[in-house]
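Structural overview
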Amino acid sequence: MSKGRRFAGRVSLLLIVAMVVTGCGQQSEALSGESNGGTYKLPEPITVVEDEDTPKSATFGEKKPETVSLGGDETAESKKAEPWDGKTKENTFKGDGFDITFQLQNTWEGGFTANVVIENTGVKKIRNWEVEFSLPCGIMSIWNAQFSGTDVGGYVVKSSEDWNRDIEVGKTVEFGFNGQKNFDGFPAAYKLSGELVDADATPAPAATKNPNQDDPNASASPGAEDAEVDPDDEIEDAVVTGGNQFKKHGRLKIKGRYIVDESGKSFKLKGVSTHGIAWFPQYVNKSAFKSFKKWGANAVRLACYTSEGGEMYNPSKDWKTIDKGVKAATELGMYAIIDWHILMENNPTMTTSKAKKFFKHFAKKYGKTKNVIFEICNEPNGCEWKDVKKYAKKIIPIIRKYSKNIIVVGTPTWSQDVDTAANDRLTGKYAKNVCYTIHFYAATHKDNIRDKVKYAFKKKLPILCTEFSICDASGNGALDKTSANTWIKLFKKLKIGFFTWSLCNKAESSALIKSSCNKTGGFKKSDLTSAGKWFISKLK
């Protein structure tokens, strides 16, 4: 999670930017800066008082309009941004030693997706960057960064991991988020904080705390060593192309860290995920699924959003669409994942009551259907693994009353933290025939997330990728085939199955069908987007 990839809108956002320098014991020099929206007055220079017992630092390059006030627990009040013209998608602020580009990626009624790129144009490395901003509409979700604050205005965004806390000279870092209000103007001001260190300085040490508290011999950092397959743990691969797959291979199950068929051979699920079935139900049909089966897919994922959009979750309609999807997949000999698509609720425990009814209904109906898999929470975010485990322990027994089929459990941070799950997995009656999901968007999620997968694999965690695309985490933007190819190569080596997002013709990079194509089935290669054509090339 990823994330505005499922949405299509408009906020008044103020990001405020300045930098904190380590080892500067003299008065800072007032700096100037301009954005596309105008020039802003700078504060008076700040004098730094030296103290032998404290590091020497200063704030400089601060740029904020006179009406902006940030500090403590006060609500951030901001200068109103210029009205949005409805067309411009990008705005750049040029500071002294840095540029910040605000990129509007998606808009929909009541919200938007933005990407923020910070470029180091100075001569020193920026370490531990931090951006302060006023966002009265609230943040629904954020990726590649952490945020704190309240939905009434004041937020602080900062680097989330060791891999993105340094901005090398001439390089960039970026983060994205979903805003919960119609977009109506670009940022009016910025403030960036961080430490300036010599470009050739020794990198800050990574965290050395062992993430596996119960195993002192575990690697101190996820992905520190490449994932290697233990020859003693190898299993033979099943042939998974063509024909009626689930009649050939039967009910899938978990064996160690692998998904295997009834004969115990490794079985690799390869399929497509629908977009939200409430938005694009027309693609849930036998003809559409058959098109991808002929290219090599053996499974489909039916994504049922849990509540977003107010009336978006409608059991009287959605349940019938799921039935249609399971029937079509079954007739084609394909496997089907019924996905309870947690996203905007953040914490799956918020949906426990509805989820119990949902999974009781479908487990009772399809519990003995060998080709059905249950995914209980798509992308937990803004919550901890303990919350996901608490939720899973309430939902798994409901499914197990009717079915012994595979259950897929999401992981925190939009299903990226498989390393966390590997260190504290479900046990006992909750662990039988359960696997954990990894999601990635190749242009955003690279070695840092792949390292999590490698670490979890070494810990023998069974993993299934139930959602990915080759664009960025918004579901849009440029395609990164190099990163995507690296992901698929890793999955092939580790025998991890994958499902791509998404089967629809929405005008975004991750859609598999061209927006100009009005067909809902019987697709030809010429009907596919670049992402779609890339994907089918990986199915063979």
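So, a few notes on the structure that sits alongside this text.

1. Re the pairing of strand β25 (residues 498–503)
Of all six residues making up β25, six are buried, and the element is well covered by its neighbours. Where strand β18 (residues 270–274) meets β25, five bridges bridge the pair, whose relative direction is parallel. Counted as the bridge partner of Val 272 is Thr 500 from β25. Between the parallel elements strand β24 (residues 463–469) and β25, the chain passes through helix α9 (residues 481–494) in a crossover that is right-handed.

2. Here we look at the sheet that holds β24
Spatially, the eight strands close up into a barrel ordered β18-β19-β20-β21-β22-β23-β24-β25, and their pairing is parallel. The sheet shows a mean angle of 30 degrees between the axes of neighbouring strands, taken without regard to direction. For strand β23 (residues 434–441) and β24, the ladder comprises five bridges, and the chain directions are parallel. The residue bridging Thr 437 from the neighbouring strand is Leu 464, located in β24. Helix α4 (residues 352–366) rests against β19 (299–305), β20 (335–341) and β21 (372–375) of the sheet, and its axis sits at about 165 degrees to β20.

3. Observations concerning a positive patch on the surface
On the surface, Lys 253, Lys 255, Lys 368, Lys 404 and Lys 432 cluster together into a patch of positive charge. Overall, the relative accessible area of 36% leaves Lys 253 in the partly exposed class.

4. Some thoughts on helix α10 (residues 530–537)
Here α10 has its buried residues at Ala 531, Gly 532, Trp 534, Phe 535 and Ile 536. Those residues of α10 that are buried are in contact with β18, α2 (286–295), β24, α9 and β25.

5. As for the pattern of salt bridges
Under the defined criterion, the tally for this structure stands at 20 salt bridges. A salt bridge links Glu 331 to Lys 327; the shortest N-O distance between them is 2.6 Å. Linking Glu 331 with Lys 327, this pair stays in helix α3 (residues 315–331), spanning four residues, or about one helical turn. The closest approach of N and O atoms between Asp 447 and Arg 450, which form a salt bridge, is 2.9 Å. Pair noted here: Asp 447 and Arg 450 are both in helix α8 (residues 447–458), with a separation of three residues, about one helical turn. Classification of Arg 450 by relative accessible area gives buried; the value is 6%.

Rules and cut-offs
- Residues numbered from 1 in each chain as written.
- Predicted model: local features only at pLDDT ≥ 70, side-chain atom pairs only at ≥ 80, totals over all residues.
- Heavy atoms only, no water.
- Buried < 20%, exposed > 50% of the residue type's maximum accessible area, 1.4 Å probe, protein only.
- Helix = DSSP H or I, 4+ residues; strand = E, 2+ residues; numbered from the N terminus.
- Pairing = 2+ DSSP bridges.
- Right-handed = clockwise from strand over helix to strand, strands pointing away.
- Axes fitted to C-alpha atoms, helices over the stretch in contact; angles between N-to-C directions.
- Contact = heavy atoms within 4.5 Å.
- Patch = residues over 30% accessible without salt bridge, like charges linked within 9 Å, V, L, I, M, F, W, Y side chains within 5 Å.
- Areas by Shrake-Rupley, 256 points an atom, 1.4 Å probe, with all protein chains shown as cover.
- Salt bridge = Lys/Arg side-chain N within 4 Å of Asp/Glu carboxyl O.
- Lys, Arg positive; Asp, Glu negative; His and termini not counted.
- Charge placed at Lys NZ, Arg CZ, Asp CG, Glu CD.

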